[in-house]
Amino acid sequence: MKKIQIAPARPVYPSPAALITSVDSAGRANIITLAEVFNISIANPVIVGIAIRPATFSHGLIVETGQFVVNQPTAAMAKQVDQCGSTSGRDGVDKFARFGLTPLPAAVVKPPLIAECPVNVECELTGRQTVGDHDLFLGEVVAVHVDEDKLDADGHILTDRLDPLAYIEGDYWSLGQAFAKHGFSGPIE
Ligand SMILES: Cc1cc2nc3c(=O)[nH]c(=O)nc-3n(C[C@H](O)[C@H](O)[C@H](O)COP(=O)(O)O)c2cc1C
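What you see is a predicted model, and the numbers here were worked out from it, not measured in a lab.

Undergrad: Please set out the overall build of the protein chain residue by residue, giving values where relevant.
TA: Looking only at helices and strands, the protein chain has 3 helices and 12 strands in total. A globule of 189 residues ought to have a C-alpha radius of gyration of about 16 Å, and the protein chain, at 17 Å, matches this closely. Seen through its C-alpha atoms, the protein chain measures out along the principal axes to roughly 50 × 50 × 35 Å. Sorting the 189 residues of the protein chain into buried and exposed places 39% on the buried side. Look at the contacts in the protein chain between residues 6 or more apart in sequence, and 58% of them connect residues 24 or more apart.

Laid out in structure tokens, this is it:
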């Protein structure tokens, strides 16, 4: 197959399309949709990265209060994800009310969890660095919440119940079926 070179833009896929919550100093919450969300230090400690343009409202909130929550939506929530990523909270818009999302108190940080998202990751900001046109925020994970019906009896996530949302080249994707275990160590149950 002949290869054609193209201009690079978000060249690595798939990205998540996650909903990140933050608050201002008065506790008012905002939501931003981010594709640039990734695991960096995976166990000791657990640190995630998120990359945000300085022009967004959320950027200033996270700089100001030093906390955020990564809420991982289902593919069925794609419309709300798109709406949260096409509207700014800067003009006083309450994205929870406008887009039918429900805030829940977090365990450690001030930004709320989004109830409709099956997995919510609470983070304390530990670093920030400008990288090209985005700022990279590092968040140490201080609590993870999972819907009870997405866990087995041992507390492991039942990944076939997550219905994750992916973002590729401007298109929203659902991921379909798992087909193998890590190390090809057994059947998918
Ligand atoms: C699918 C999707 C992915 C996005 N990914 C990012 C991202 O990684 N970084 C970023 O700064 N903005 C990203 N955006 C744009 C922001 O979500 C958008 O500018 C939002 O309106 C900012 O909200 P705020 O001003 O209330 O913080 C994305 C938008 C969509 C729809």
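Following the structure, the description resumes.
Undergrad: Describe the environment of Arg-28, and please don't skip the residues or the numbers.
TA: Relative to the elements of secondary structure, Arg-28 occurs in the loop between strand 2 (18–23) and strand 3 (29–34). When neighbours within four sequence positions are excluded, Arg-28 is seen to be in contact with Ser-22 and Val-23.

Undergrad: Explain unusual backbone geometry to me, using residue names and the numbers behind them.
TA: For the bond from Tyr-13 to Pro-14, the omega torsion is -10 degrees, close enough to zero to count as cis. With respect to the helices, strands and loops of the structure, Pro-14 is situated in the segment before strand 1 (15–16). Residue Asn-44 is joined to Pro-45 through a cis peptide bond whose omega torsion reads 0 degrees. When you line up the elements, Pro-45 lands in the loop between strand 4 (37–42) and strand 5 (46–52).

Undergrad: I'd love a proper account of the UniProt feature "domain: Flavin reductase like" (unreviewed entry) in the protein chain, names of residues and values included.
TA: UniProt's feature table lists "domain: Flavin reductase like" (unreviewed entry) at residues 10–157, given in the numbering used throughout. For the annotated span residues 10–157, helix accounts for 14% and strand for 43% of the residues, and the straight-line distance between the end C-alpha atoms is 29 Å.

Undergrad: Describe the nonpolar core, listing the residues and the values that go with them.
TA: Ile-20, Ile-50, Phe-68 and Val-70 are the most contacted members of the largest nonpolar core, which has 17 residues in total. For this core, the secondary structure elements donating two or more residues are strand 2, strand 3, strand 5, strand 6 (67–72), strand 9 (119–131) and strand 10 (134–146). Grouped together as the second largest cluster of nonpolar side chains are 16 residues, Ala-17, Leu-19, Val-81 and Ile-114 included.

Undergrad: Give me the sheet that holds strand 4: which residues, what numbers.
TA: An order of 3-2-6-9-10-5-4 is seen for the 7 strands of this open sheet, with the pairing classed as antiparallel. A strand with exactly one partner marks an edge of an open sheet, and here the two such strands are strand 3 and strand 4. For this sheet the average axis-to-axis angle between neighbouring strands, irrespective of direction, equals 35 degrees. Here strand 5 runs beside strand 10; their pairing, made up of 6 bridges, is antiparallel. Its bridge partner being in strand 10, Ile-52 is matched across the sheet by Asp-135. Against the sheet, helix 1 (residues 57–65) engages strand 2, strand 3, strand 5, strand 6, strand 9 and strand 10, with an angle of about 50 degrees to strand 2.

Undergrad: Account for empty space enclosed by the protein, naming residues and giving values.
TA: Following the criterion strictly, the structure yields 1 cavity of 30 Å³ or more and no others. Taken as a whole, the largest cavity encloses approximately 50 Å³ of empty space. In this structure, the largest cavity is lined by Arg-10, Val-12, Tyr-13, Ser-15, Tyr-167, Ile-168 and Glu-169. Tallied by class, residues from the lining of the largest cavity come to 4 nonpolar, 1 polar and 2 charged.

Undergrad: Outline the sheet that holds strand 12 (residues 171–174), listing residues and values.
TA: Read across the open sheet, the 3 strands follow the order 1-11-12; overall the sheet is antiparallel. The open sheet is flanked by strand 1 and strand 12, the only strands paired with a single partner. Judged from the 4 bridges that link them, strand 11 (residues 165–168) and strand 12 form a sheet pairing that is antiparallel. Of the residues in strand 12, the one forming a bridge with Ile-168 is Asp-171.

Undergrad: Can you break down the site of the ligand residue by residue, with the values?
TA: Close to the ligand lie 23 residues, the nearest being Thr-33, Glu-36, Ser-58, Ser-88 and Gly-89. Ala-35 has a polar backbone atom sitting 2.9 Å from a nitrogen atom of the ligand. At 2.6 Å from an oxygen atom of the ligand is found a side-chain nitrogen or oxygen belonging to Ser-58. Here the ligand has 650 Å² of accessible area as a free molecule, and 90% of this is covered by the chains. When residues of the shell around the ligand are traced back to their parent elements, those giving at least two are strand 3, strand 5 and helix 1. Examining the composition of the shell around the ligand, we find that 4 residues originate from one element, strand 3, more than from any other. Tallied by class, residues from the shell around the ligand come to 9 nonpolar, 10 polar and 4 charged.

Rules of the game
Residues numbered from 1 in each chain as written. Predicted model: local features only at pLDDT ≥ 70, side-chain atom pairs only at ≥ 80, totals over all residues. Heavy atoms only, no water. Helix = DSSP H or I, 4+ residues; strand = E, 2+ residues; numbered from the N terminus. Rg over C-alpha atoms; globule rule 2.2 N^0.38 Å. Buried < 20%, exposed > 50% of the residue type's maximum accessible area, 1.4 Å probe, protein only. Contact = heavy atoms within 4.5 Å. UniProt positions renumbered as here; feature names shortened; annotations may be inferred. Core = buried A, V, L, I, M, F, W, Y, C linked by side-chain atoms within 4.5 Å. Pairing = 2+ DSSP bridges. Axes fitted to C-alpha atoms, helices over the stretch in contact; angles between N-to-C directions. 1 Å grid on protein atoms, 1.4 Å probe; cavity = no way out; pocket = protein on both sides within 12 Å on 5 of 7 lines; lining within 4 Å. Points joined across faces, edges and corners; volume = space filled by probe spheres on them. Nonpolar A, V, L, I, M, F, W, Y, C, P; charged D, E, K, R; others polar. Near = heavy atom within 4 Å. Polar contact = N/O pair within 3.5 Å; in protein donor to acceptor, adjacent residues only side chain to side chain. Areas by Shrake-Rupley, 256 points an atom, 1.4 Å probe, with all protein chains shown as cover.

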